[in-house]
Amino acid sequence: MTELLTRAEASNYKETSRHADVLAFVDELCRRTKLAKRVDFGQSGEGQPLAALIVSDRNCFTPELARRQKKLVVMIEANIHAGEVEGKESVLALARDLTLTKLGQKLLDKLCLVLIPDFNPDGNDRISPNNRKLDLQNLEGQVNPEGGVGMRYTGEGWNLNRDSTKQEAPETRALAKFYQSWWPDVFIDCHTTDGSIHAFDLTYDTSHSNEPLFSELREFNREMLDRVAQAVKKRHGFDCFWYGNYKEEGNPVSGWHTYPALPRFGSHYRGLLGRIDVLLETYSYIDFPRRCAVMRAWLLELIRDAAKNAKAYRAMTQAEEERILARGESPDVRELVGINYGVATRDDKGALAFEYPAYAKPDDVAHILAFDEASITARRYPGKRRKAYKMPHHRTFVPTQAVSTPAAYLAPAELASRLEGHGILFERLDAPRRFTVDSYRVARREETFSPDVATNVPPPGQSEVPLSQKPKPVRFETVLTVSPERTTREFPAGTLLVPTAQRTGTLAVYLLEPHSDDGFCRWQFLDGLIQVGELYPVHRVVGSAAAPKKAE
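Residues numbered from 1 in each chain as written. Predicted model: local features only at pLDDT ≥ 70, side-chain atom pairs only at ≥ 80, totals over all residues. Heavy atoms only, no water.

J.: Can you help me understand the nonpolar core in this one?
T.: Looking at soluble globular proteins, one finds that nonpolar side chains tend to be buried together. F178, L280 and W298 are the most contacted members of the largest nonpolar core, which has 141 residues in total. Considering every element that reaches this core, the biggest residue donor is helix α9 (residues 288-308), with 10 residues. Residues in contact with L280, not counting those within four places in the same chain, are I188, D189, C190, H191, L202, T203, Y204, M295, W298, L299 and L302. (Core = buried A, V, L, I, M, F, W, Y, C linked by side-chain atoms within 4.5 Å. Buried < 20%, exposed > 50% of the residue type's maximum accessible area, 1.4 Å probe, protein only. Helix = DSSP H or I, 4+ residues; strand = E, 2+ residues; numbered from the N terminus. Contact = heavy atoms within 4.5 Å.)

So, in structure tokens, the structure goes:
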């Protein structure tokens, strides 16, 4: 039988797979083994099938069977940015090796793997050698395969890794529904990154949003990632570290700074759901075959660790889900949900903008393998001489706005489909009802540009505009200044009552608060219902008991 190869393998890594190649590979693998099944979960903006490959034994190809067989569900997403193709190629090759060789024999009994090799098929097929073209002076781009790669955005212009909370892309909505049905214990997101000059093959990370609230999960996640990094080094020889860039570009002792704690990024979004999450970023300045190799090594070692520690993984996600439910069932005003991490700034024209700084704890030190200072300053890769640095590790986020979890929210009927998209349960009032609520009065309303969220897509065959060239602004955000007040009032029939005692309860808080940096208000879904001087149309349910009027 002919050896089953990815397009990258068959071309000696001169080309990457088109979406048709991905589907053909998946279908052929399913024909050759009973350990794999293709499941389509939606369509792209341009009508291409969004395909998942389920890999497991005992015919375990549904979430119901996975739960019945007590298998840990691991979902792996690749090619969310379709110029970052290493995950796509590695997921396909690893699926083949896990099913057609002995590699998966001791793994698939414990795991159900849900693999999404090409989440952005439309962006993937807009292949050009000039997409992500290497530009070390601007610290962007990559060493491309000769045939080129796809583009960052979808065919409709959405950045799928900024779309988790607003869900404007059909791909995002389809994946959200698929995710909610499988409810994976572990999610792995495959990327490729440029940025600061260092000597790692891959950097990794996890969710940082609301670390105090999810402290046990975050600690578990970090220990797991450090353990897997050691396994990758020992078994495969790759040097890897936590994701970041120099706090001051070109200064390798200024600090190591991770990415913003906004849940529009998938990793932070899933962290709010209490799930284990992994971000993998191969380093774009190493060559394409090596990027594929280090990505495969990480995926394999993550799968091995999940199989070995499946009971501990499941116990952690179950415990976190119980804590989310408990916050809604017995609200504690001392337990705060961080809902905004932005520090407001003004440009020279007075326009509003935001920074999302991370802070370094006194004992949190990053050990960075890089090159000599002259090479870093000159933006030369690889540098002349390897050198190790110690610096503060900026990966702790402090919210600028935080709120307690109420028992429920009251929301306008216009938000029904938005809530459903996130799997947030609600009921509609069947008759008018009075509630005592904490409301917000809108004092000010502004608009700010939202960078790297959407773009004007060039015609097929033309390359995308690099971020350093500052593409024309496309998507904006509404920013409110509000003041709280308590009222007792009647809400009409049809109003949505959203309890927080559900697995998406913490996410619901983030999405429904008016001063959230990534909520429904921020993404302009309530603009038509907001008036300065009036109450914000979403209210926090206080409860039925009235406070005493005076001390006895």
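Now that the structure is up, let's keep going.
J.: What exactly am I supposed to notice about helix α10 (residues 310-329) here?
T.: Note on helix geometry: an α-helix contains 3.6 residues per turn, so any two residues three or four positions apart are oriented the same way. For α10, with 20 residues, the first-to-last C-alpha span of 29 Å sits near the 28 Å given by 1.5 Å per residue. Those residues of α10 not exposed but buried are A310, Y313, R314, M316, T317, E320, I324, R327 and G328. Each buried residue of α10 sits inside an arc of 160° when the element is viewed along its axis, so together they form one side. Seen from the buried face of α10, the exposed residues on the opposite side, beyond 90 degrees, are K311, E322 and E329. (Expected span 1.5 Å × (residues − 1). Arc of directions from axis to C-beta.)

J.: Whenever I open this one, the sheet that holds strand β14 (residues 359-371) confuses me. Can you help?
T.: Two modes of strand pairing occur in sheets, parallel and antiparallel, and in both the strands are linked by backbone hydrogen bonds. Strand order in this open sheet of 4 strands is β8-β9-β15-β14, and the pairing throughout is mixed. Of all strands in the sheet, those with a lone pairing partner are β8 (245-246) and β14, marking the two edges. Bridging between β8 and strand β9 (residues 256-257) involves 2 bridges; their strand directions are antiparallel. Its bridge partner being in β9, N245 is matched across the sheet by H257. (Pairing = 2+ DSSP bridges.)

J.: Please clarify how the environment of T377 should be interpreted in this entry.
T.: One can find T377 in helix α11 (residues 373-378). As a C-alpha pair, T377 and S56 span 321 residues in sequence and 49 Å in three-dimensional space.

J.: Is there a simple way to explain the packing of aromatic side chains in this structure?
T.: Where two aromatic rings form a pair, the distance of their centres and the angle of their planes describe that pair. Using the criterion set out here, one finds 21 aromatic pairs in the structure. Considering the side-chain rings of Y13 and F288, the 5.8 Å spacing of their centres and the 75° angle between planes classify their relative orientation as edge-to-face. Remark: F288 occurs in helix α9 and Y13 occurs in the loop between α1 (7-10) and α2 (19-32); sequence separation between them is 275 residues. Judged by its relative accessible area of 2%, F288 falls in the buried class. Ring-pair connections join several aromatic residues into one group, and the members of that group are Y283, Y285, F371 and Y381. The ring centre of W523 lies 5.5 Å from the NZ or CZ of K166, which sits over that ring. Geometry around F214 places R327 over its ring, the cationic atom sitting 5.3 Å from the centre. (Phe/Tyr/Trp six-rings, centres within 6.5 Å; stacked < 30°, edge-to-face > 60°. Lys NZ or Arg CZ within 6 Å of the ring centre and 35° of its normal.)

J.: Even after reading the chapter, I still don't get the pattern of salt bridges, so can you show me in this structure?
T.: Between side chains of opposite charge, a pair can form when the charged atoms approach closely. Summed over all chains, the structure comprises 46 salt bridges. For E211, the salt bridge goes to R222, with nearest N and O atoms at 3.1 Å. Here E211, found in the loop between β6 (202-205) and α7 (215-236), pairs with R222, found in helix α7; they are 11 residues apart in sequence, far enough to count as distant. Exposure remark for E211: the relative accessible area of 13% places this residue in the buried category. One salt bridge in this structure joins R522 and E477, with 2.7 Å as the shortest N-O distance. Within this pair, whereas R522 is found in the loop between α13 (505-512) and β22 (539-541), its partner E477 is found in strand β20 (residues 476-491), the two being separated by 45 residues in sequence. The same class applies to R522 as to E477, namely buried. What emerges from the salt-bridge pattern is a single network uniting E84, R132, R152, R162 and D452. (Salt bridge = Lys/Arg side-chain N within 4 Å of Asp/Glu carboxyl O.)

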